[in-house]
Amino acid sequence: MLIGGGALAAVAGSAVYLAASDMGNSSEYAKGIAPSRAPLADPAISRDLIRYATLAPNGHNTQPWMFRVRDRRIDILPDFSRRTPIVDPDDHHLFVSLGAAAENLSLASAARGRPGTPRFDPANGGSIVFISEAGQATPSALFDAIPRRQSTRAEYDGRAVSPADLNRLVEAATMPGVSLILLTDLPRIERMRDFVVAGNSAQMADPAFVRELKSWLRFNPRQALRNGDGLYSVTTGNPMLPDWLGPFAFDWLATTHSQNDAYARQIRSSSGIAVFLAEQADSAHWVAVGQACQRFALQATALGLKHAFINQPVEVARLRPELAALMGMPGRRPDIVMRFGHGAPLPYSPRRPVASVMTS
């Protein structure tokens, strides 16, 4: 086994060396994604605002949205062709993603003198309607944070967040119909670690989940830029690999044990954990959860904090009742779990061109 493993590593290493010119590099990647993170034009047209909206977090970076422009109105439509039916069978994460995009759109439009309020429209396929009016430009720290926000899937430095900053996070995320619970005490953080490990173990034991996850992984800069979506593995500290080798390397290296160890270290290094719970389990409230957790993430970014989603306990249905009980809200469905703390930045995730997410 040792000889075979060494031979396999040697072959893989040679393949990576020979394919290096086809994978691109970090500077090429940074240059490729720079336009998506550029400052918002002033004045801004609809395409500019939509670009900022697409910088919102979303499950597996599927970017499950389309935008339709009508005069002063922008509709955010769910793109069900980009749903992830294994990890998100009821489209919960999809609608949370739409809510996060709507919050970005609202903040960006207000900063350019076109304030408005997103409104969920169940009669129009579960879309979000945003109608703006002429008004005073109102830039904000949350708006400034939009192009800098990222889900930083790495270990943090363990430093505590001050009570004043915790209050700012809670105030920013306050949204009707959504409750936010912050865990900053070690016993409950360790209990959450157990939930995450249990959820990850269940997911990694499901071949359908693994297949779906692998279909959204991008293993090198050129593959990530070419697709413009998916989970760029280098953003989690993994080495870049050729397109063909990446899925095999995932099977060899991304074991349940190794992932559980990584999640445990990451949670242990975090300053705290935020859990969002909606009053009702329906699409309208999931959109509101998306708005709330995006405002939390943007406020964290403005304060110099990093964040990452650890949603395994809400994705594995059997764990939700116990998690709700831990939060002191039995009977509610936990929606989003997010850890936060101080850490170093990683490469940003790619986004598709604005033209590809606009429809007439």
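Just so it is clear, the structure is predicted and the values come from calculations on it, not from any experiment.

**Points about the nonpolar core**
The biggest cluster of nonpolar side chains holds 56 residues, and the ones touching the most others in it are Trp-65, Phe-67, Ile-76, Phe-143, Phe-276 and Phe-296. The element best represented in this core is helix H4 (residues 92–111), accounting for eleven residues. Membership of the second largest hydrophobic core comes to 18 residues, among which are Leu-183, Val-196, Ile-310 and Val-337.

**Examining the sheet that holds strand S11 (residues 358–359)**
If you walk across this open sheet you meet the five strands as S3-S4-S2-S1-S11, and the pairing is mixed. Each having just a single partner strand, strand S3 (119–121) and S11 make up the two edges of the open sheet. Bridge count between strand S2 (residues 73–78) and strand S4 (residues 127–131): four bridges; the pairing is antiparallel. By the bridge assignment, Ile-76 is partnered in S4 with Ile-128.

**Remarks on the confidence of the model for the chain**
Across the chain, the average pLDDT comes to 94, with 94% of residues at or above 70. This stretch, residues 1–12, has a pLDDT under 50; its non-local contacts, to residues over four places away or in other chains, come to two contacts.

**Focus on the environment of Tyr-263**
The residue Tyr-263 is located in helix H11 (residues 256–268) in this model. Looking at Tyr-263, the relative accessible area reads 23%, which means it is partly exposed. In sequence terms Tyr-263 and Pro-345 are 82 residues apart; their C-alpha atoms lie 18 Å from each other. What Tyr-263 contacts, discounting residues up to four positions off in sequence, is Val-196, Asn-200, Ile-310 and Gln-312.

**Brief notes about the pairing of strand S10 (residues 334–341)**
Most of S10 sits inside the fold, with eight of its eight residues counted as buried. Across six bridges, the pairing between strand S8 (residues 272–278) and S10 is antiparallel. For Leu-277, the partnering residue across the bridge sits in S10 and is Pro-334.

**A short note on empty space enclosed by the protein**
Applying the stated criterion across every chain, the model contains three cavities of 30 Å³ or more. Approximately 60 Å³ is the volume attributed to the largest cavity. As for the largest cavity, its lining consists of Asn-58, Gly-59, Thr-62, Pro-64, Arg-82, Arg-83, Thr-84, Asp-88, His-93, Leu-94 and Ser-97. Residues of the lining of the largest cavity, tallied by class, amount to two nonpolar, six polar and three charged.

**Some thoughts on the sheet that holds S8**
Read from one edge of the open sheet, four strands run S5-S8-S10-S9, paired in antiparallel fashion. Of all strands in the sheet, those bounded by a partner on one side alone are strand S5 (178–183) and strand S9 (306–309). Strand-to-strand twist across the sheet, computed as the mean angle between neighbouring axes with direction ignored, equals 25°.

**What to know about the side chain of Asp-335**
Along the chain, Asp-335 turns up in strand S10. Buried charged residue Asp-335 carries no salt bridge. Nearest counter-charge: Arg-333, at 4.5 Å. Aside from chain neighbours lying at most four places away, what touches Asp-335 is His-92, His-93, Phe-276, Leu-277, Ala-278, Trp-286, Val-289, Asn-311 and Val-314.

**Topic: the pattern of salt bridges**
Counting across every chain of the model gives 18 salt bridges. Arg-83 is the salt-bridge partner of Asp-91, the closest N and O atoms lying 2.8 Å from each other. Arg-83 gets classed as partly exposed once you look at its relative accessible area, which sits at 28%. In this structure, the salt-bridge partner of Asp-194 is Arg-193, at a minimum N-O distance of 3.2 Å.

**Section: the side chain of Asp-229**
Counting through the fold element by element, Asp-229 comes out in the loop between helix H9 (221–227) and strand S7 (231–232). Asp-229 sits in the buried class, given a relative accessible area of 5%. Within the structure, Asp-229 has its side chain in polar contact with the side chain of Arg-218 (distance 2.9 Å). Those residues in contact with Asp-229, other than ones at most four positions away along the chain, are Asn-61, Gln-63, Arg-82, Trp-216, Arg-218, Ala-224 and Pro-350.

Parameters at a glance
- Residues numbered from 1 in each chain as written.
- Predicted model: local features only at pLDDT ≥ 70, side-chain atom pairs only at ≥ 80, totals over all residues.
- Heavy atoms only, no water.
- Core = buried A, V, L, I, M, F, W, Y, C linked by side-chain atoms within 4.5 Å.
- Buried < 20%, exposed > 50% of the residue type's maximum accessible area, 1.4 Å probe, protein only.
- Helix = DSSP H or I, 4+ residues; strand = E, 2+ residues; numbered from the N terminus.
- Pairing = 2+ DSSP bridges.
- pLDDT = per-residue confidence, 0-100.
- Contact = heavy atoms within 4.5 Å.
- 1 Å grid on protein atoms, 1.4 Å probe; cavity = no way out; pocket = protein on both sides within 12 Å on 5 of 7 lines; lining within 4 Å.
- Points joined across faces, edges and corners; volume = space filled by probe spheres on them.
- Nonpolar A, V, L, I, M, F, W, Y, C, P; charged D, E, K, R; others polar.
- Axes fitted to C-alpha atoms, helices over the stretch in contact; angles between N-to-C directions.
- Lys, Arg positive; Asp, Glu negative; His and termini not counted.
- Salt bridge = Lys/Arg side-chain N within 4 Å of Asp/Glu carboxyl O.
- Polar contact = N/O pair within 3.5 Å; in protein donor to acceptor, adjacent residues only side chain to side chain.

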